[in-house]
Each structure stands twice: as structure tokens, then as C-alpha cells.
Amino acid sequence: MKRTKIIDIFNPGLIGREVCVKGWVRTRRGNKNVQFVALNDGSTIKNIQIVFDMEQFSDEQLKPITTGASIHVEGLLVESMGKGQTCEIQAKTLEIYGTADPETYPLQKKGHTFEFLREKAHLRPRTNTFGAVFRIRHNMAIAIHQFFHEHGFFYFHTPIITASDCEGAGQMFQVTTKNLYDLKKDENGSIIYDDDFFGKQASLTVSGQLEGELAATALGSIYTFGPTFRAENSNTPRHLAEFWMIEPEVAFADLNDLMDLEEEFIKYCIRWALDNCKDDLEFLNNMIDKGLIERLNNVIGTDFVRLPYTEGIRILEEAVAGGHKFEFPVYWGCDLASEHERYLVEEHFRKPVIMTDYPKEIKAFYMKQNDDGKTVQGTDVLFPQIGEIIGGSVREENYDKLMTRIEELNIPMKDMWWYLDTRRFGTVPHAGFGLGFERLLLFVTGMTNIRDVIPFPRTPNNAEF
Ligand code: 4AD
Ligand code: MG
């Protein structure tokens, strides 16, 4: 008989039919007359209850059905008398695919801590919480492609191996086929890369933006969606060494267009989650974070604050003057710490903030310079609980201004002639941003550690699985 996924079993039209289900056992309970098994196959957070009439099955047959075992059951789907479920299956046949020894299978019924489950990342997708999180992760990826497709953006693939450091922050993982035990060096002690695989020093990308700009200045509106890598040694609940980033880039867009896009895009994704991930969100709302669904609804129903950096600093300085204690000092020119961002979003405005016009010293070389000579048209979108969820900017499209900034910052541009060509031939105003996929997922799921919204997190000292 053809298998029915458990998500489809709850379709009322199937009551009274013979069905076949396959999945992993969550629990078994009962007595000598009747046994109940809760079965899950990952298609939904919901379990189907299987009822074994012990006149038709022996104790011996059911004994191996412990938590984690995988089984195949055929039987009659009937309405359920029990509370908490609409239907159940009266088992007629049982096949056991694989047992799960209760002495050694780590996921027993009782609630495990997320720390414990991180050590069991190979099995944690079988728990309710991680099943929900990873189904939502899938749905958010679909939402993102759908949004851009509907808005006329082309999905553009940028390279993962690159020779340029987009953010100029020097946080790149090197890619080499060189023998690390026998490195050739020049007279200054610098490694010679001529004989390396790419004939030059290469790394994993920190961002697809620079190549994205090439595409936007040809196709008009594009986006990338792929893995990015940062070798920053920050062991925080919001940083990964390998994370996924969505980077739209738009020709002929200015600062207001950019902020409109950021806000519309993020609201679209959140609305998509509310519309398409109802069961999983309700589960997370009940079990993990009671304020989750309300927070998601609040964000889509509110206008984001648009706040120049200088004004933000003034508000923070006032807070300090009024007795608020921050760990890090606040002054014009400082890079905002997460505590500052969260004060603005969670205490002062109580809604998302798009901060703009940052001092050029704390932002990347490519940001469009304002006439004041001090600030650039960068935007960070700051979210409750998360802090920075998006970083973006209008790009400096003027060749001379861009070159001056590159020289001031001593950025080695000899390998970036191709990037500068966008400013030499038919340059146009353009803008774009990067959304950290896992930061969006933190917000949408209510999870608090970024290691718990990506299947196999990569962080300092951790590349297991
Ligand atoms: O602010 P960032 O560094 O901006 C860029 O990379 C630009 N080139 C994007 C662009 O304009 N096309 O990173 C963008 C976003 C951050 O706002 C954050 O959400 C996420 O990427 N992010 C990280 N997420 C997880 N772990 C990390 N280590 C992250 N670093 C950045
Ligand atoms: Mg940033």
C-alpha cells in the first residue's frame, strides 16, 4: 500500500479508509489490552496515534517499539475518542524497520536542554523543537525566493571562493592546496602563492556583494542567497563562522528605496511564516517563547523607525545622562554595541529601527559618502531580541570618490580592477543589503542561540558532524 504522510492523514476525507504510515516512534504507552503509539514522520509537528488491540498483536511483537524506533503500520483510520487528536489508526499490520535501544538512544521522552542537543546535532532534527525550526527554515527560504521572484529580481550565483575581502575586515578563511609544512617564502618572509591552486591567495567569501554589484549594474535587480564565512573569533549567541546570507542589489535605488525594500522584504518573510508555518509557530509559542506570535504580528503591523546615527547617539547620550548604565561608552563615532542597539529598539522605540548615515570610519569602503564629509549612507536594521539583522548601504558610484576612500584605507585594489570597472563604464546609483538568514530565523522561531537555527553550526572550536 502507498504511504500517506502524516501531514495528509489529518485530511478529513481519509476517515474510514485503510492507510499506510511510516515514521519514528515518539512514545508508547498502554496496558495489556490496548497499546498506543505516537508516531511522527517529520512532515508535521503532529503525531498520529496508532492503536494496537492486544488481541491481535503479541507483547513480543510490540516490545521493540520504543522511543526512536522506526516502523511501518497499515490499518484503518478512524475518528478518535481520545482528547488532543481528531483521528487515529487501528493497526492491522506492523513492520519494524529499526529498533532504538532505550539504554543508548539519547533522545528519550524527557525534555533535553538545547546545550545537550547541540552535542547530538545528528539526531536533534527528530525532536519536536528542531523539527519545527528546520521546517520553518525551509519555508523562509521559499519565502525569500518567492518575494524576489515576484518583485522582478534575478537569483544570481556569486562565487564562494574569492580573492577579495568585501568587508575589508580580514576575517577570511584561506583556501589553499599548498603543503602547509613546506611553505615557500620571499625575502621578506611573505608566503609565495604563485604556485598555489589559483596562482594567488584565495579565501572563502565573506559576502557576495561585490559580484552582486556587477550583476545589478547589468540585470537591474538581483539577489544572492548562499553560504558566507567569517573567521571572527566571536563566541556569541548571534555569530556563526558559516552562515547564509541573502544579498539583494538594485540599480537606480537611493537611500529611501533601500529602506523601503528592507522593510517590505522582512515583513513579507514574517507574514509568510505566520501564514505557512502555523502549527510549528504555535508549538514554539507554547513551548519556547510565549510572546513569539504576538511579536511577529507586532512587527508586520508597525512602521520601522528610520533614525540617523547622529540622532541615535543623542538618544543614547540622554539615556546615560538620565542614569542608564551601559558597559561600553557612547560617543559620536563609536561603533554601537549590541546593548546600545537593543536599548534603542527594545526600550526607547519599542519597534524595529533602521539606523542610517553612520560615521565613515566604522563602515566599509564602498558606502556612498554624504556631502558632510563625515558620514556614509549605510543602513543597519535593528530588531528586538536580535540587534542587527540587516546591514546594507547605498554604494559610492563615483569613481574618484571611491578610489580616494580605497587609498585612504590602504585597501589592496590591484586585484579589484573588475569592481572599479562598474564605476568607469556606465556607472549608476545603486544600493543593496545583506540579511543574515539565521538572524531572521532567530526572530521568527523565538530561539535564542544561533547554533539552534542551523542544522550543523560552525563556530570556533566546533566543526563536528
Ligand atoms: O553587515 P554585514 O557584514 O554586511 C555585509 O556583508 C554586506 N556586504 C551586505 C551587503 O550590503 N550586501 O553582514 C550582513 C548581515 C548582518 O546584518 C547579519 O545579519 C549577518 O549578515 N551576519 C552574520 N550572521 C551570523 N553570523 C555572523 N558571523 C554574521 N556576520 C554577519
Ligand atoms: Mg554589519
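As the structure is a prediction and not an experimental result, all values here were calculated from the model.

Draft legend 1. Up close: the overall build of the chain. Regarding its fold elements, the chain presents 13 helices and 16 strands. Counting only C-alpha atoms and orienting by the principal axes, one finds that the chain spans roughly 85 × 60 × 45 Å. Excluding contacts between residues fewer than 6 apart, the proportion of contacts in the chain whose partners are at least 24 apart in sequence is 66%. Of the roughly 22800 Å² that the chain leaves accessible, carbon and sulfur atoms contribute 50%. In the chain, which carries 51 positive and 68 negative side-chain charges, the distance between the mean positions of the two groups comes to 6 Å.

Draft legend 2. A look at the packing of aromatic side chains. In the structure shown here, the tally under the stated rule is 24 aromatic pairs. Within the aromatic cluster, the residues linked to one another by ring pairs are Phe 147, Phe 148, Phe 153, Tyr 155, Tyr 223, Phe 265, Tyr 268, Trp 272 and Phe 433. Taking the ring centre of Phe 10 as reference, the NZ or CZ of Lys 46 above it sits at 5.0 Å. Above the plane of the ring of Tyr 358 lies Lys 363, whose end atom (NZ or CZ) is 4.2 Å from the centre.

Draft legend 3. Here's a closer look at the site of ligand 1. As a structural note, the neighbourhood of ligand 1 is formed by 25 residues, with Glu 167, Gln 209, Glu 232, Glu 247 and Glu 388 the closest of them. Here an oxygen atom of ligand 1 sits 2.6 Å away from a polar atom, N or O, in the side chain of Glu 388. Expressed as a share of its isolated accessible area of 630 Å², the protein-covered part of ligand 1 is 94%. With five residues, the top contributor of residues to the shell around ligand 1 is strand 15 (residues 387-394). A class-by-class count of the residues in the shell around ligand 1 yields nine nonpolar, eight polar and eight charged.

Draft legend 4. A look at the pattern of salt bridges. Following the criterion strictly, the structure yields 24 salt bridges and no others. Taking the shortest distance from any N to any O, the salt bridge between Glu 318 and Arg 314 comes out at 2.4 Å. Here Glu 318 and its partner Arg 314 are both found in helix 9 (residues 309-321), four residues apart, which amounts to about one turn of the helix. The exposure class assigned to Arg 314 is partly exposed, which follows from its relative accessible area of 38%.

Draft legend 5. View of the pairing of strand 5 (residues 87-98). Relative to strand 5, strand 3 (residues 48-53) is paired through three bridges, and the arrangement is parallel. Counted as the bridge partner of Val 51 is Gln 90 from strand 5. Two strands pair when backbone bridges link them, and strand 4 (residues 70-79) and strand 5 are joined in this way by 10 bridges, in the antiparallel orientation. Across the sheet, the residue bridging to Gly 75 is Ala 91, located in strand 5.

Draft legend 6. Spotlight on the pairing of strand 15. Among the eight residues in strand 15, six count as buried, and that is most of the element. Pairing of strand 14 (residues 375-383) with strand 15 involves six bridges; the strand directions are antiparallel. Looking at strand 15, one finds that Val 381 is bridged to Ile 390. Where strand 14 folds back on strand 15, the antiparallel hairpin that results is connected by three residues, among which Gln 385 adopts a positive phi of roughly 70°.

Draft legend 7. Highlighting the side chain of Glu 247. By the secondary structure assignment, Glu 247 is in strand 11 (residues 242-251). Buried charged residue Glu 247 carries no salt bridge. Nearest counter-charge: Arg 395, at 5.9 Å. A polar contact of 2.7 Å, which involves the side chain of Glu 247, links it to the side chain of Ser 207.

Draft legend 8. Spotlight on a nonpolar patch on the surface. On the surface, Ile 160, Ile 161, Phe 197 and Phe 198 cluster together into a nonpolar patch covering about 390 Å² of accessible area. Along the polypeptide, Ile 161 turns up in strand 7 (residues 161-162).

Draft legend 9. Local environment of the sheet that holds strand 10 (residues 221-229). Strand order in this open sheet of eight strands is 6-10-11-16-15-14-13-12, and the pairing throughout is mixed. The open sheet has two edge strands, strand 6 (154-155) and strand 12 (305-308), and neither has a second partner. Note that strand 12 and strand 13 (residues 353-359) share four bridges and pair parallel. Its bridge partner being in strand 13, Leu 307 is matched across the sheet by Met 355.

Draft legend 10. A look at the nonpolar core. The biggest cluster of nonpolar side chains holds 67 residues, and the ones touching the most others in it are Met 140, Ile 270, Phe 383 and Ile 389. With residues up to four places along the chain from it excluded, the contact list for Met 140 reads Cys 269, Trp 272, Ala 273, Phe 437, Leu 440, Leu 441 and Val 444. Counting residues in hydrophobic clusters, the runner-up holds 23 residues, among them Val 21, Met 54, Ile 71 and Ile 89.

Parameters at a glance
Residues numbered from 1 in each chain as written. Chains lettered and ligands numbered in written order. Predicted model: local features only at pLDDT ≥ 70, side-chain atom pairs only at ≥ 80, totals over all residues. Heavy atoms only, no water. Helix = DSSP H or I, 4+ residues; strand = E, 2+ residues; numbered from the N terminus. Contact = heavy atoms within 4.5 Å. Areas by Shrake-Rupley, 256 points an atom, 1.4 Å probe, with all protein chains shown as cover. Lys, Arg positive; Asp, Glu negative; His and termini not counted. Charge placed at Lys NZ, Arg CZ, Asp CG, Glu CD. Phe/Tyr/Trp six-rings, centres within 6.5 Å; stacked < 30°, edge-to-face > 60°. Lys NZ or Arg CZ within 6 Å of the ring centre and 35° of its normal. Near = heavy atom within 4 Å. Polar contact = N/O pair within 3.5 Å; in protein donor to acceptor, adjacent residues only side chain to side chain. Nonpolar A, V, L, I, M, F, W, Y, C, P; charged D, E, K, R; others polar. Salt bridge = Lys/Arg side-chain N within 4 Å of Asp/Glu carboxyl O. Buried < 20%, exposed > 50% of the residue type's maximum accessible area, 1.4 Å probe, protein only. Pairing = 2+ DSSP bridges. Patch = residues over 30% accessible without salt bridge, like charges linked within 9 Å, V, L, I, M, F, W, Y side chains within 5 Å. Core = buried A, V, L, I, M, F, W, Y, C linked by side-chain atoms within 4.5 Å.

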